[in-house]
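# Report on the structure
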Amino acid sequence: MVTGLIFVGDIKSIGFSFLFIAPLMQYFIYEVKNKHEYYFYYNLGLSNTILWVSTIVIGFLNLILLSLI
Amino acid sequence: MSTLHIDSITKSYDNKKILSDIYLTCKKGEIVGLIGRNGSGKSTLLKIIFGIEKCENKFVQIGDKVINNIASGRTLINYLPQDFFLPNNIKIKALINLFLPKENRSELINNDYIKPLLHKKNQELSGGEKRIVEILLIVHSNAEFILLDEPFNGVSPIIKTYIINYIKKMKSSKGYIITDHDYENVLNLADKIMFLKDGTLKEVMNKKQLVDLGYLSQTNYNMLIEESS
């Protein structure tokens, strides 16, 4: 969102920035820094694939919602 | 009564067989202790059973259901890893609500060890407090089988005894497979002891066999016998 505001400034760009920032955040927070926290989600029946797909889907939903504003 | 069947598990690293055609069963209400030297493959075996570690071959079944991955084992198998796994920045009460079904929450919320921690965030807890929260969460989950990988890591003796007694008290509703470096904890808790060596699993029928298998020295064994008598 911040990059969307800084670099372009319109709402659609903020939506696009979610597409990049959400996976990046997941990568750095869960894959690099706190890898063990994945076990919390594994115990809820959520695999790595499901978690990555849901992050990307949420990014797309944000983009669609913000594009509609 | 439902049973966890594990069969034909084979795993290699760099052409070296770590696990070779492993067969193991665990019934509901039973505690299976898994012991072996460092690097023998205990944690790898638990991860394969849980569904997060790939292997050449495996067959895991609970009742009639074959477990191939995490999603198919949902509500059937839970796994406590060696390292702390609860997300930071979330209060313990919220974690309980996220992790446990409604009907299982109240016992944990009213637990004497958990009550004072409810409004603290996970990162504010000590190592021992984190561990007890994690173990009790897993034990109170709806899963029928629980895999505990070194549950007593960083836990003080009094908490260790509490956890051992707690698992014994709760064992009728679930099956447990437990590993620990401190063999005494496992021997204390388990109904059946399995020894993992050179990729194969053997059932240990008596403590003396641990000396013959090269897991305990004669001195360790004598101390163990003295303590238990």
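Figured I'd write up the structure that's included with this text.

## Points about the overall build of chain A
For chain A, the helix and strand inventory stands at four helices and zero strands. Listing every helix and strand of chain A by position from the N terminus yields α-α-α-α. Considering chain A as a whole, with its 69 residues, one finds that 33% of them fall into the buried category. About 4400 Å² of surface is accessible on chain A, with carbon and sulfur atoms providing 78% of the total.

## Some details on the environment of Glu53 of chain B
Residue and element names in this part refer to chain B. Tracing the backbone through its elements, the reader meets Glu53 in the loop between helix H1 (42-50) and strand S4 (57-62). Ignoring anything within four residues of it in the chain, the contact list for Glu53 reads Lys11, Tyr13, Thr44, Lys47 and Ile48. Looking at Glu53, its side chain comes within polar contact range of the side chain of Lys11, at 3.2 Å. At 3.1 Å, the side chain of Glu53 forms a polar contact with the side chain of Tyr13.

## Re the interface of chain B and chain A
On the chain A side, the residues contacting the 19 residues of chain B number eleven residues. Overall, the association of chain B and chain A removes approximately 1400 Å² of surface from exposure, summing both partners, and the carbon and sulfur fraction of that is 66%. The interface formed by chain B and chain A includes four residue pairs in polar contact (both at pLDDT 80 or more). For the side of chain B that touches chain A, the secondary-structure elements that each account for two or more residues are H1, strand S6 (77-80) and helix H2 (92-99) of chain B. Ranked by residue count, the leading element in the side of chain B that touches chain A is H2 of chain B, at three residues. In terms of residue class, the side of chain B that touches chain A is made up of 14 nonpolar, two polar and three charged.

## Some points on the side chain of Ser141 of chain B
Residue and element names in this part refer to chain B. Structurally, Ser141 is set in the loop between helix H4 (127-139) and strand S7 (145-149). Take Ser141: its relative accessible area is 4%, and that puts it in the buried class. Not counting residues up to four positions away in its chain, the partners in contact with Ser141 are Asn78, Phe99, Leu100, Asn104, Ile146 and Lys174.

The rules behind these values
- Residues numbered from 1 in each chain as written.
- Chains lettered and ligands numbered in written order.
- Predicted model: local features only at pLDDT ≥ 70, side-chain atom pairs only at ≥ 80, totals over all residues.
- Heavy atoms only, no water.
- Helix = DSSP H or I, 4+ residues; strand = E, 2+ residues; numbered from the N terminus.
- Buried < 20%, exposed > 50% of the residue type's maximum accessible area, 1.4 Å probe, protein only.
- Areas by Shrake-Rupley, 256 points an atom, 1.4 Å probe, with all protein chains shown as cover.
- Contact = heavy atoms within 4.5 Å.
- Polar contact = N/O pair within 3.5 Å; in protein donor to acceptor, adjacent residues only side chain to side chain.
- Buried area = accessible area lost by both parts, 1.4 Å probe.
- Nonpolar A, V, L, I, M, F, W, Y, C, P; charged D, E, K, R; others polar.

In short, geometric facts, not functional conclusions.
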